[in-house]
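# Descriptive analysis of the structure
Spelled out, the chains give:
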Amino acid sequence: MRWDTPEKLKMLLCELVSWESQTLTKGEQEFSKKLYAKFQLLPYFQTNRDYLQTVDVEGGRQVVSAMYKHPQVKKTVVLISHFDTVQIEEYGALMPLATLPEELTQAFKEEKGMLNEQAQKDLETGDYLFGRGVMDMKMGLALHMQVLERAIEERWEMNLLLITVPDEEVNSAGMRKAAVHIAQIAESYELDICLFLNSEPSFSQDPYDLQEYIYTGSIGKVMPAALFYGKETHVGEPLKGLSAPFMSAFLATEMEWNDAFCETVYGERTPLPVALKLQDLKEQYSTQTPYRAVAMYNVFLMKRSAAEILDLFEQVTARAMEKCQERYDEVCAKMNINPLGKIRTIRYSELLSYAKKKLGEPAVEKLIEEVIARLDLDERDQSFFIADKLMIHCQELAPAVVVLFVPPFYPAVNSSDHPLAKKAIELVLQASKPYEIPLQQVHYFNGISDLSYCQLSEDNGWQAYEMNTPVWKRTYDIPFDHIAKFKAPVLNVGPYGKDAHQISERLHMKSAFYEMPDLIYQLLRFVDKETMNK
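These lines cover the structure that appears in this document, whether it is placed above or below. (Residues numbered from 1 in each chain as written. Predicted model: local features only at pLDDT ≥ 70, side-chain atom pairs only at ≥ 80, totals over all residues. Heavy atoms only, no water.)

## A look at the side chain of Q455
Selection rule: Comment: elements are numbered from the N terminus, with helices defined as DSSP H or I runs of at least four residues and strands as E runs of at least two. Relative accessibility decides the category of a residue: with a 1.4 Å probe and only protein chains considered, values under 20% of the type maximum give buried, values over 50% give exposed, and everything between is partly exposed. N or O atoms closer than or at 3.5 Å make up a polar contact, with two conditions inside protein: a donor-capable atom paired with an acceptor-capable one, and, for residues adjacent in sequence, both atoms drawn from side chains.
With respect to the helices and strands, Q455 occurs in the loop between β18 (439–442) and α14 (462–467). Here Q455 falls in the buried class, since its relative accessible area comes to 14%. A distance of 3.0 Å separates a polar atom in the side chain of Q455 from the backbone nitrogen of N414. There is a polar contact of 2.9 Å between the side chain of Q455 and the side chain of S415.

Dropping the structure here:
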């Protein structure tokens, strides 16, 4: 079983893609088993059984870990990838071909209208392979499998630890489990990790962007959220209450596209924040006004910590509620109605502390466990309903907005100033010249990646995040203590592709099967020489 030629590498990719593995499906559960069985066919893992492992992840899924270990060497490169994909419904009538790249690419020639204009042009060139997962990111896994096999065959004097995970597209449960596993493996075998190498694809910046990118970091993401708790009333007496949708509208206006949340680092700028959810919690129709609502926002990070984002979000929320109060008071005065009171802005940690003092810790724990036990709620809804349960028992705090965090949290990581990363980038840029690749360094991978769990800055605002995430250590956590042990730089070097998460997802075949295998090989041999004494 060799993956040492472009043709064989393409066959490997097509096989991996054919193992359908949409996140939170049976296919995702089965993928790890199929991959584990494939690695077992390599004589190396038949002899070194302990070097091939799986790690259980919630939902019947598994991380696959495959290590090449030189008996006298500690220096180790960790190869990171994910094997889950997003859904395939958008392929419509071609859905049965969505995970059969060669067949789908051929079928698109008869159904060009399903593709955008630029994708049609790329199809006509014959340079691209279409299909769900070809770009994001089973090609990255295939490249890692190829280089692992090569290290085994050539008996490299360095170690490679291949880690491929499920669930990157939703909560990164796989990588959060893998971080613990990597730390344990490193301790057990006395490994000195010198580099974390991901091979997520190079993301084009626009449909006509022909530039290719390598990344020395990965953008972070955190989701500040709010529970709006007003006062119920009959629609016939609207000013005797305060509707939560009314309150939420003021925060929506203040938060959406608020550039105060943007950062510019190394000349790169984070995207503007946007709402990912905005709804009331009223479960059925009635003439009672909705008095509870929730909202959550996507905020990207580079240098800021979660604590800084919470401080800023709290300030913006308080300002929004001041404007809401002004409008409410104005209407009440006009209608000669006494207002209900001032709208508070409180943190979840403050609400939790208040509830424990009022109800007692056992009673609060029971309320929380009732929410956690609900199988119809994901981690985000669990967070909202925990805060909601506590507010129902602490209505004297209303009207109020409770600010909190909901999962997931991706800390930003960056190694642009690390000496090894600097030299590695120079090497890759130089090695790419014979291929005439328009390659350029980007400091933050903008697609969000599992590299977020391979490195931590000194202050990521962990405590503020932990204290204000209602499901923390219940249904969601991040192994900060294990990640803090990692001191190696991070890099992302992967193949060129376009339109991740779209029907037109496609992979540039020359980049994937010819150029990237050589560049990754040269990169790893360079790292080997640079870390000779480790």
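## A look at helix α6 (residues 134–154)
Rules: Helix span, as expected, comes to 1.5 Å for every residue beyond the first.
A rise of 1.5 Å per residue sets the reference length of α6, with its 21 residues, at 30 Å; its end C-alpha atoms lie 28 Å apart and thus fit the reference within 8%. Among the 21 residues that make up α6, 18 are buried, leaving the element largely enclosed by the rest of the structure.

## Here's the deal with the nonpolar core
Among soluble globular proteins, nonpolar side chains are generally buried collectively. The condition is simple: What we call a nonpolar core is a set of buried Ala, Val, Leu, Ile, Met, Phe, Trp, Tyr and Cys residues that are connected through their side-chain atoms within 4.5 Å. Contact definition: two residues touch when any of their heavy atoms are within 4.5 Å.
Membership of the largest hydrophobic core comes to 178 residues, with the highest contact counts inside it found for F39 and F196. Other than its neighbours up to four places away in sequence, F39 contacts F45, L52, V64, A66, M145, L148 and L162. The next biggest cluster of nonpolar side chains, apart from the first, holds 14 residues, and it includes Y91, A107, L115 and I503.

## Regarding the sheet that holds strand β20 (residues 496–498)
Threshold: Whether two strands pair depends on DSSP finding at least two bridges between them.
Sheet architecture is open: four strands sit in the order β4-β21-β20-β7, paired in mixed fashion. The sheet is open, and its two edges are formed by β4 (128–130) and β7 (202–203), each paired on a single side. Where β4 and strand β21 (residues 506–508) come together, three bridges link them in antiparallel fashion. Bridging across to β21, L129 finds its partner in L507.

## So, the pairing of strand β3 (residues 75–82)
Along β3, eight of the eight residues are buried, which leaves the element largely enclosed by surrounding structure. Burial along β3 is two-sided: the residues K75, V77, L79 and S81 and T76, V78, I80 and H82 are all buried. One ladder, built from six bridges, connects β3 with strand β6 (residues 192–198); its direction is parallel. In the sheet register, T76 faces β6, and the bridge partner there is I193. The sheet contact formed by β3 and strand β5 (residues 159–165) spans seven bridges and is parallel. Paired with H82 across the two strands is V165, which belongs to β5.

## Topic: the packing of aromatic side chains
We describe a pair of aromatic rings using the distance from one ring centre to the other and the angle between the two ring planes. We apply this condition: Centres within 6.5 Å make a pair out of two Phe, Tyr or Trp rings, where for Trp the six-membered ring is used; the pair is then stacked when the planes are under 30 degrees apart, edge-to-face when over 60, and tilted otherwise. Charge-over-ring contacts are defined here by two conditions on Lys NZ or Arg CZ: a distance within 6 Å of the ring centre and an angle within 35 degrees of the ring normal.
Evaluated as defined, the whole model comprises 22 aromatic pairs. Cluster of aromatic residues (ring-pair linked, three or more members): F405, F409, W462, Y465, W472, Y476 and F480. Over the face of the ring belonging to Y291 we find R292, whose NZ or CZ atom lies 5.3 Å from the ring centre. Above the plane of the ring of Y128 lies R506, whose end atom (NZ or CZ) is 5.7 Å from the centre.

## A few points about unusual backbone geometry
The amide bond that connects D136 to the next residue, M137, takes the cis arrangement and shows omega of -15°. Geometrically, the link from A398 to P399 is a cis peptide bond, its omega value of -5° lying close to zero. Relative to the assigned elements, P399 resides in the loop between α12 (379–392) and β16 (400–410). Notably, E190 is not glycine yet its phi reads approximately 55°, a positive angle. With respect to the secondary-structure elements, E190 resides in the loop between α7 (173–188) and β6.

These results come straight from atomic positions and should not be treated as a statement about function.
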